[in-house]
Amino acid sequence: MPNPKYGITFPFGDSQEGLFLGMNELANAEVRSNLVHLILTIKGSRYFLPDFGTNLMRLIFEPLDNGTKASIDMEIRESVEEFIPKLNINNVDVKSAEDLRVEESDTESNQTEDNTFGVGDSEREYTVRIRIDYSIGSGMFESRDFVIINL
């Protein structure tokens, strides 16, 4: 019996099975791909769906104060509510690179590689880290996960 495929992986990658692009084989991976795709798409970049995405790239050069952090949180929550309505955003944690240097002894940092996505060159230092904790479903069938985006 063939393995089910849920959709295209994001970020895009080559297929190991002769397909043009890599495909998600797990439902949780598909949800994560959809969330990252939504967040990293710039609003207005899709011709027939101009409201799809976020304006995070406009906020990247703003001072990372409490107002900007609140704007990032609101931008993510509003986009997810509109385009992935069954996904519940539990927490959006926005931290600067300076905040992360203070917390460098965090034990989770080595375990989050699969859930971490960067914009541009992944070797460069980023200015902000956004951790999004989310859940889908409810009760006994609830599934929780997180994604980290470095901008």
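Residues numbered from 1 in each chain as written. Predicted model: local features only at pLDDT ≥ 70, side-chain atom pairs only at ≥ 80, totals over all residues. Heavy atoms only, no water.

1. Considerations on the pattern of salt bridges
The final tally for this structure, using the stated rule, is seven salt bridges. Put simply, D93 and K95 hold a salt bridge, and the shortest N to O gap is 3.7 Å. The shortest N-O distance in the salt bridge between E142 and R144 comes to 3.4 Å. On the basis of relative accessible area, R144 is assigned to the exposed category, the value being 56%. (Salt bridge = Lys/Arg side-chain N within 4 Å of Asp/Glu carboxyl O. Buried < 20%, exposed > 50% of the residue type's maximum accessible area, 1.4 Å probe, protein only.)

2. Quick word on the environment of L38
Assignment of secondary structure puts L38 in helix α1 (residues 27-40). Residue L38 is classed as buried on the basis of its relative accessible area, which comes to 1%. Separated by 15 residues in the primary sequence, L38 and G53 place their C-alpha atoms 4.9 Å from one another. In this structure, L38 is in contact with F52, G53, T54, S79, V80, F83 and I84, ignoring residues within four places of it in sequence. (Helix = DSSP H or I, 4+ residues; strand = E, 2+ residues; numbered from the N terminus. Contact = heavy atoms within 4.5 Å.)

3. Quick word on the confidence of the model for the protein chain
Taken over all residues, the pLDDT of the protein chain has a mean of 78, while the share at 70 or more is 67%. Ranking the elements of the protein chain by mean pLDDT puts strand β2 (residues 23-24) last, at 63, and helix α3 (residues 66-83) first, at 94. (pLDDT = per-residue confidence, 0-100.)

4. Let's talk about α3
Here α3 contains 18 residues, and its C-alpha end-to-end distance of 26 Å stays within 8% of the 26 Å for a straight helix at 1.5 Å per residue. Among all positions of α3, only T68, I72, D73, E75, I76, S79 and V80 are buried. Down the axis of α3, the buried side of the element spans an arc of 160°, and every buried residue falls inside it. Away from its buried face by more than 90 degrees, α3 exposes N66, E81 and E82. (Expected span 1.5 Å × (residues − 1). Arc of directions from axis to C-beta.)

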